[in-house]
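What follows is each chain in one-letter form.
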Amino acid sequence: MRLLNVGSGGGRDVPKIYDGWEQDTLDIDPRTGADIICDAREMGRLTAKYDAVHCSHCLEHFYKHEVSSVLNGFNHVLKPTGFAHVIVPNMNQLFQAIQGHDINDVWYISHGGPITFHDVIYGWGRAVGQGNLHYCHKTGFTEKSLNKAFKSAAFAKVMTACDDAGNLFAFAFK
């Protein structure tokens, strides 16, 4: 089985369900050392050889009008029986959680350190502050909007779920 890890930052950290899969990493930033240096909006130039596309906390880094290009690219690189596995911040949970807090308060602690509400809305401030504008967030998703985006990109079946940590998950099948 073959996996394309989109927006990987060059890392190979994926859920255990992909243990044993051959993995290619894709990132726009050549400094990451990803296997494929490519803007995810231009995945149409790649070959349809993947059983799955994994994209964790990357889709929100594109403007709303660009999301369809990215999802169409996912569809393009997948084999006919392939699926996309996407994780994005859950904006419904974020807006509920921020009630009574300041935008600069810490929402949770990640492997990279504290993440504030501001970071989740606008992008990871520490990386953006160091000049890496690829970390800016340009759109957000609810279950309804993410499902609609996948359907617009001609995915036949979409399943979504949320966790208690503010993540929204989608599995979309060709």
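As shown above, the structure is provided for reference.
Position labels on residues start from 1 in each chain and follow its written sequence. Given that the model is predicted, a residue must reach a pLDDT of at least 70 before its local features are reported, and side-chain atom pairs must reach 80 or more before they are shown or counted; all residues, however, enter totals for whole chains, interfaces and linings. Note: side-chain values were computed over all heavy atoms of the structure, leaving out hydrogens and water.

Q: Describe helix α5 (residues 143-152), listing the residues and the values that go with them.
A: Only protein chains enter the accessibility calculation, which uses a 1.4 Å probe; a residue whose area is less than 20% of its type maximum is buried, one above 50% is exposed, and one in between is partly exposed. Secondary structure is summarised from DSSP: a helix means a run of H or I of at least four residues, a strand means a run of E of at least two, and numbering begins at the N terminus for each. Considered for burial, the residues of α5 that qualify are Leu146, Ala149 and Phe150. An end-on view of α5 places all buried positions within 95° of arc, on one side of the element. Within α5, the exposed residues directed more than 90 degrees away from the buried face are Lys144, Lys148 and Ser152. Between two residues, a contact is recorded if the distance between any of their heavy atoms is within 4.5 Å. Those residues of α5 hidden inside the fold are in contact with α1 (67-77), β5 (78-89), β8 (157-162) and β9 (167-173). Our arc is simply the arc of the directions from the helix axis toward the C-beta atoms.

Q: Mind laying out the environment of Val6, listing which residues take part and the relevant values?
A: If you trace the backbone, Val6 turns up in strand β1 (residues 2-6). Under the relative-accessibility criterion, Val6 is labelled buried at 1%. Measuring from C-alpha to C-alpha, the distance between Val6 and Cys38 comes to 9.4 Å, with 32 residues separating the pair along the chain. Here Val6 is in contact with Leu26, Ala40, Met43, Val53, His54, Cys55, Ser56, Cys58 and Phe74, once residues within four sequence places are set aside.

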